[in-house]
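Residue-level structure breakdown
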Protein chains: 2
Amino acid sequence: MPPLQNDVLIRALLKKPVPRTPLWIMRQAGRYLPEYRATRKQAGGFLTLCKTPELACEVTLQPVERFDLDAAILFSDILTIPDAMGLGLSFSEGEGPRFSRPVSSMKDVERIARTRPMDGLGYVCDAVRMIRHELNGRVPLIGFTGSPWTLATYMVEGETSREFRKIKSLLYTQPDILERLLEILSQAAADYLSAQIHAGAQAVMVFDTWGGVLSRDAYLKYSLGPMQHIVSELLRLETPHTVPIILFTKGVGHELADLAASGCHAVGLDWTMELDQARAQVGSRVALQGNLDPAVLYAPDAVIRREVQKVLEKYGQGSGHVFNLGHGIQQYVQPEKVTVLVDAVREFSPAYH
Amino acid sequence: MPPLQNDVLIRALLKKPVPRTPLWIMRQAGRYLPEYRATRKQAGGFLTLCKTPELACEVTLQPVERFDLDAAILFSDILTIPDAMGLGLSFSEGEGPRFSRPVSSMKDVERIARTRPMDGLGYVCDAVRMIRHELNGRVPLIGFTGSPWTLATYMVEGETSREFRKIKSLLYTQPDILERLLEILSQAAADYLSAQIHAGAQAVMVFDTWGGVLSRDAYLKYSLGPMQHIVSELLRLETPHTVPIILFTKGVGHELADLAASGCHAVGLDWTMELDQARAQVGSRVALQGNLDPAVLYAPDAVIRREVQKVLEKYGQGSGHVFNLGHGIQQYVQPEKVTVLVDAVREFSPAYH
């Protein structure tokens, strides 16, 4: 593999000095880009796009070609693991994911325990290798997984949920089933990220979309605990360079200190958190990633520039900040607005270093 | 009006000594009750149920008849104000609310400014009077409104949203339109609660369902500010007894201190907050209401009892706690589980007073 020419992201994640604040955008390879929509149309569907390494590589590269970003992130779905466990994943237009064989009993969980999901995830590692080759050292590649709790919510609910009735019933009624499921998913997610790292991922991120729907005790046990297992496993890997680990729980709020104490290198923040308060609380221990409100990208250019400045000012002087949105970029954003964002971060951030 | 026989709720909201922790349940008159479903079926629709005082009175009383609760809460919808402003509210099965004439321009807002919503909300005050008469002093009646920000989200989005694209675009692009809309809604909500109080509501609550999707600065300006206006207006009312004001922002997190400083008497907490931390932070200033995870009601009786004890223990000794769920009761809960909950609060709470 060629040497990394732009290591600003990696250095910031490790809180080393940088000349400017690095920047990438959650869901940067996505529907807001016309070139993405064209490739997806050509693929004939979202899952085919994920499962065809050439196409996944193509869309991963698209935002890096168009914008001056400091990282590429593997194009994939958070539900690849349960898909490889045989739950029958499908996506219908505008409906979100659906599993034809959701999990409801210990028998279901034990059936899952006997699967070998990594056997079915070779396409992801193929994509990682292909992307690394195509990137040719320009920027680092970030790998990712859904958090075990987040995977479990989809696997038990069978689809996107608003009330999480099924998984919470399980939590309060038959916690042994949930615990066993999370144990399996923790190991699967650790194996999955290890494989991505071996294939070439230079940083990894765990997306915990639904940890924020849990009470504190339940969060620590069912969301953070499994993520800690992943972190511990990854920290034991022998790699030529440190591979920073980013954890992101949407709506994490009061559990920030616990998240930062997990051993991870960086914590992602949504836009409802205050970067200055978060830095005061955990900034000596971890880097922080975030946290512009994604809706700012619907604003006039001058407002985008002002809001970018506010985020940079909130974090303040010094390394340890990775600029990002507080959640994934939305599909109705005009790509030109991302250029405004990128230019603003490039223009304003050197003053903070 | 007959004197109040059970004033435990009112006393707790004012942090006066009580012999036990009072209890009511958000959305206690709702679809989980077979008698509610029967009345709703008879009414032929949700809006008819809201707009027919006899039927609204009937369903308000149902949970009070069935369970040993310490309050009734007016049966109504949070969107009655925009409905009375002529936005064309409808509910389709399983879809949630929808407005046929949503707000998108200053012209729309000025059209709304010329309406007199209170002229169309007499049915709510009629229901309040009727409920007070039927309650005959058994327990206090809580009136309520949606918060101006929450009303504005529905009025601008036109329906339930996940990304809040339209209202956030307005916020970042044409804040003057949003500010004017919130100004109108703040006064309308204050008038609405004043009218409910004059008709007989003995406590009032503002439901801020969507304040949690805002960044801190935006929350203070667009969600809390308008609620503060309502609180100020209500505190100026001359009433024979103090009418406690409860504010509830779902997912409020870091803004708890600001909410508590608004002048309200009590703050509602969702289940992701820790009652002990919240009490340490703001408990000397306000009472706290909450915050059992609504999903606990799917659990076996012994687990419900254990979780009730945990909530009581978290708040600890002394007055100023109103037991409630952290969000509305869900439709699939068995009514028998509510009996278990009520009995547990009655059994365990006297030890804390």
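It should be emphasised that the depicted structure is a prediction, and the values quoted were computed from it without experimental measurement.

Rules used in this analysis
- Residues numbered from 1 in each chain as written.
- Chains lettered and ligands numbered in written order.
- Predicted model: local features only at pLDDT ≥ 70, side-chain atom pairs only at ≥ 80, totals over all residues.
- Heavy atoms only, no water.
- Phe/Tyr/Trp six-rings, centres within 6.5 Å; stacked < 30°, edge-to-face > 60°.
- Helix = DSSP H or I, 4+ residues; strand = E, 2+ residues; numbered from the N terminus.
- Buried < 20%, exposed > 50% of the residue type's maximum accessible area, 1.4 Å probe, protein only.
- Lys NZ or Arg CZ within 6 Å of the ring centre and 35° of its normal.
- Salt bridge = Lys/Arg side-chain N within 4 Å of Asp/Glu carboxyl O.
- Contact = heavy atoms within 4.5 Å.
- pLDDT = per-residue confidence, 0-100.
- Polar contact = N/O pair within 3.5 Å; in protein donor to acceptor, adjacent residues only side chain to side chain.
- Least-squares fit on C-alpha atoms with pLDDT ≥ 70 in both.
- Pairing = 2+ DSSP bridges.

**Examining the packing of aromatic side chains**
Given two aromatic rings, one states the distance between the centres and the angle between the planes to describe the pair. Scanning all chains against the criterion turns up 12 aromatic pairs over all chains. For the ring pair Phe144 of chain B and Phe207 of chain B, a centre distance of 5.5 Å and an interplane angle of 85° mean the geometry is edge-to-face. Highlighted residues: Phe144 of chain B in strand S4 (residues 141-146) and Phe207 of chain B in strand S5 (residues 203-208), separated in sequence by 63 residues. For the pair Phe144 of chain B and Phe207 of chain B, one class covers both residues: buried. Seen in terms of ring centroids, Phe207 of chain B and Phe248 of chain B are 6.3 Å apart; in terms of plane orientation they differ by 75°. Their pairing is edge-to-face. Of this pair, Phe207 of chain B sits in strand S5 while Phe248 of chain B sits in strand S6 (residues 245-249), and the two are 41 residues apart along the sequence. When sorted by exposure, Phe207 of chain B lands in the same class as Phe248 of chain B, which is buried. One cation-aromatic arrangement involves Arg165 of chain A over Tyr332 of chain B; the distance from NZ or CZ to the ring centre is 3.7 Å.

**Describing the pattern of salt bridges**
A full pass over the atoms with the stated rule returns 44 salt bridges over all chains. For Arg216 of chain A, the salt bridge is made with Asp258 of chain A, and the minimal N-O distance between the two is 2.7 Å. On the criterion of sequence distance, the pair formed by Arg216 of chain A in helix H11 (residues 216-235) and Asp258 of chain A in helix H12 (residues 256-260) is long-range, its members being 42 residues apart. Like Arg216 of chain A, the residue Asp258 of chain A is buried in the burial classification. One salt bridge in this structure joins Glu183 of chain B and Arg180 of chain B, with 3.2 Å as the shortest N-O distance. Of this pair, Glu183 of chain B and Arg180 of chain B both sit in helix H10 (residues 175-199), 3 residues apart, which is roughly one turn of the helix. A relative accessible area of 49% places Glu183 of chain B in the partly exposed class. With relative accessibility at 26%, the residue Arg180 of chain B sits in the partly exposed group. Among the charged side chains, a network of salt bridges with common partners joins Arg20, Asp68, Asp70 and Arg346 of chain A.

**A few points about helix H9 (residues 165-173) of chain A**
Residues Ile167, Lys168, Ser169, Leu170, Leu171 and Tyr172 of chain A constitute the buried set of H9 of chain A. On the buried face of H9 of chain A, the contacting elements are helix H8 (148-157), helix H10 (175-199) and H11 of chain A together with helix H14 (301-315) of chain B.

**Some points on the confidence of the model for chain A**
For chain A, the average pLDDT comes to 96, and 100% of its residues sit at 70 or higher. At the level of chain-chain contacts, confidence expressed as ipTM amounts to 0.91, with global pTM at 0.95.

**Comments concerning the side chain of Ser349 of chain A**
Residues and elements named next belong to chain A. Mapped onto the elements of the fold, Ser349 is located in the segment after helix H15 (335-348). Given the relative accessible area of 0%, Ser349 is considered buried. A polar side-chain atom of Ser349 sits 3.0 Å from the main-chain amide nitrogen of Thr21. Aside from chain neighbours lying at most four places away, what touches Ser349 is Arg20, Thr21, Leu312 and Ala344.

**Quick look at the relation of the copies chain B and chain A**
Least-squares fitting of chain B to chain A yields an RMSD of 0.0 Å, with the transformation described by 0.0 Å of translation along the axis and a rotation of 180°. Considering both components of the superposition, the chain copies are consistent with a two-fold axis. Minimal C-alpha distance to the rotation axis in chain B is attained by Gly253 of chain B, lying at 3.1 Å. By residue overlap, the copies meet face to face through one surface: 100% of the interface positions of chain B are interface positions in chain A.

**Section: the pairing of S4 of chain B**
Residues and elements named next belong to chain B. Of all 6 residues that make up S4, 6 are buried, and the element is covered over most of its length. Both faces of S4 are covered, namely the face carrying Leu141, Gly143 and Thr145 and the face carrying Ile142, Phe144 and Gly146. The pairing of strand S1 (residues 72-73) with S4 spans 2 bridges and is classified as parallel. Bridged to Ala72 within S4 is Leu141. Sheet topology note: the S4/S5 ladder contains 5 bridges and is parallel. Looking across to S5, one finds that Thr145 is bridged to Val206.

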